[in-house]
Amino acid sequence: FFFSPLVPQSHTTTMAARRQNDCEGQSSDPYDANSASPDTYHVLPKESPEEYDAVTGAIEKMKPAFSKIGFGGVVGYCSGIAAKKVGKAIAVLAGVAFIALQSAVYSGYIDVDWKKVEEDVVKKIDTDGDGKITGEDAINYWKKVKAMLTDKVPSAGGFSLGFLYGVSSN
């Protein structure tokens, strides 16, 4: 036991005795039915440790949500993860292509009319015909993608929520 020259020995002994008294009668076993207080709330159920684990506890908590998620939510989640991965790959390829092209423009090898490129891209992507890429265009694309991915899928009600969760997950 460590004794500091600045703290009197009687003080450290009193502290050690106090710690021991505070813990007296308490069990560190979460399954102990003979705990110090009958009102003690145990986090773990009184089943045996072999029958209970963290995953079982999480599933028990989530049972109501699992019944509502259904097949549509699961395939939505998987589709969201896939869309996120593919979207990242496309973004990387587009970024590399732009860097390479702009490097050639900067070096004087080629000349690109970026205003014309922008106009052509907006014409292709603009779904509502207003000449701009807006949130409405994103909604229109989402409706098309959702209609395609949920066509003839039973219980596709949770698809959007699952897709959103899949896209937003790490």
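A brief structural summary. These figures come from a predicted structure and were not determined experimentally. One numbering rule holds for all chains: residues counted from 1, following each sequence as written. Given that this is a predicted model, residues contribute local features only at a pLDDT of at least 70 and side-chain atom pairs are listed and counted only at 80 or more, while totals for whole chains, interfaces and linings are drawn from all residues. To get the side-chain values, take all heavy atoms of the structure and skip hydrogens and water.

1. What about the overall build of the chain?
Okay, step 1: A tally of helices and strands in the chain yields five helices and zero strands.
Okay, step 2: Along the chain, from the amino end to the carboxyl end, the secondary structure elements read α-α-α-α-α.
Okay, step 3: The buried share of the chain, taken over its 170 residues, is 12%.
Okay, step 4: Contacts in the chain between residues at least 24 apart in sequence constitute 41% of all its contacts with a sequence separation of at least 6.
Okay, step 5: Calculation of accessible area relied on Shrake-Rupley with a 1.4 Å probe; when residues are assessed, cover is drawn exclusively from the protein chains displayed. For the chain, the computed accessible surface area is about 13,500 Å², with 63% contributed by carbon and sulfur atoms. The numbering of helices and of strands both runs from the N terminus, where a helix is a DSSP run of H or I of at least 4 residues and a strand a run of E of at least 2. Remark: exposure states derive from per-residue accessible area (1.4 Å probe, protein chains only) relative to the maximum for the residue type, with buried under 20%, exposed over 50%, and partly exposed in between. When checking whether two residues touch, look at their non-hydrogen atoms; a contact exists if any pair is within 4.5 Å.

2. Here's the deal with the side chain of threonine 150
Okay, step 1: Structurally, threonine 150 can be placed in helix H4 (residues 135-150).
Okay, step 2: Taking the relative accessible area as the measure of exposure, threonine 150 reaches 18% and is therefore buried.
Okay, step 3: Residues in contact with threonine 150, not counting those within four places in the same chain, are Ala156 and Phe159.

3. Digging into the environment of leucine 164
Okay, step 1: With respect to the helices and strands, the residue leucine 164 is situated in helix H5 (residues 159-168).
Okay, step 2: Each C-alpha atom, one on leucine 164 and one on isoleucine 81, is 9.1 Å from the other, the two residues being 83 residues apart in sequence.

4. Quick notes on the pattern of salt bridges
Okay, step 1: When a carboxyl oxygen of Asp or Glu lies within 4 Å of a side-chain nitrogen of Lys or Arg, that pair is called a salt bridge. Evaluation of the coordinates by the stated rule reveals two salt bridges.
Okay, step 2: Among the ionic pairs, aspartate 120 bridges to lysine 116, the shortest N-O distance being 3.2 Å. Of this pair, aspartate 120 and lysine 116 both sit in helix H3 (residues 114-125), separated by four residues, roughly a single helical turn.

5. Some points on the side chain of serine 169
Okay, step 1: Within the secondary structure, serine 169 is located in the segment after H5.
Okay, step 2: Two N or O atoms form a polar contact when they lie within 3.5 Å of each other; inside protein one atom must be a possible hydrogen donor and the other a possible acceptor, and for residues adjacent in sequence the pair counts only when both atoms belong to side chains. Here the side chain of serine 169 touches glycine 166 through a polar contact of 3.0 Å, landing on its backbone oxygen.
Okay, step 3: Beyond its immediate stretch of four places on either side in the chain, serine 169 contacts Tyr77, Ile81 and Lys84.

6. A few points about unusual backbone geometry
Okay, step 1: Although it is not a glycine, lysine 152 sits at a positive phi angle of roughly 65°.
Okay, step 2: Here lysine 152 is to be found in the loop between H4 and H5.

7. Looking at the packing of aromatic side chains
Okay, step 1: Two rings from Phe, Tyr or Trp (for Trp, the six-membered ring) form a pair when their centres are within 6.5 Å of each other. A pair whose planes differ by under 30 degrees is stacked, one over 60 is edge-to-face, and the rest are tilted. Enumeration over the complete set of coordinates arrives at five aromatic pairs.
Okay, step 2: Residues tryptophan 142 and phenylalanine 159 carry aromatic rings whose centres are separated by 6.4 Å and whose planes lie at 15° to one another, so their mutual orientation is stacked. Here tryptophan 142, found in helix H4, pairs with phenylalanine 159, found in helix H5; they are 17 residues apart in sequence, far enough to count as distant.
Okay, step 3: You can call phenylalanine 159 buried: its relative accessible area is 1%.
Okay, step 4: Among the aromatic side chains, those forming a connected cluster through ring pairs are Trp142, Phe159 and Phe163.
Okay, step 5: A ring has a charge above it when a Lys NZ or an Arg CZ is no more than 6 Å from the ring centre and no more than 35 degrees off the ring normal. For lysine 144, the ring lying beneath its charged end belongs to tyrosine 141, and the centroid distance is 5.5 Å.

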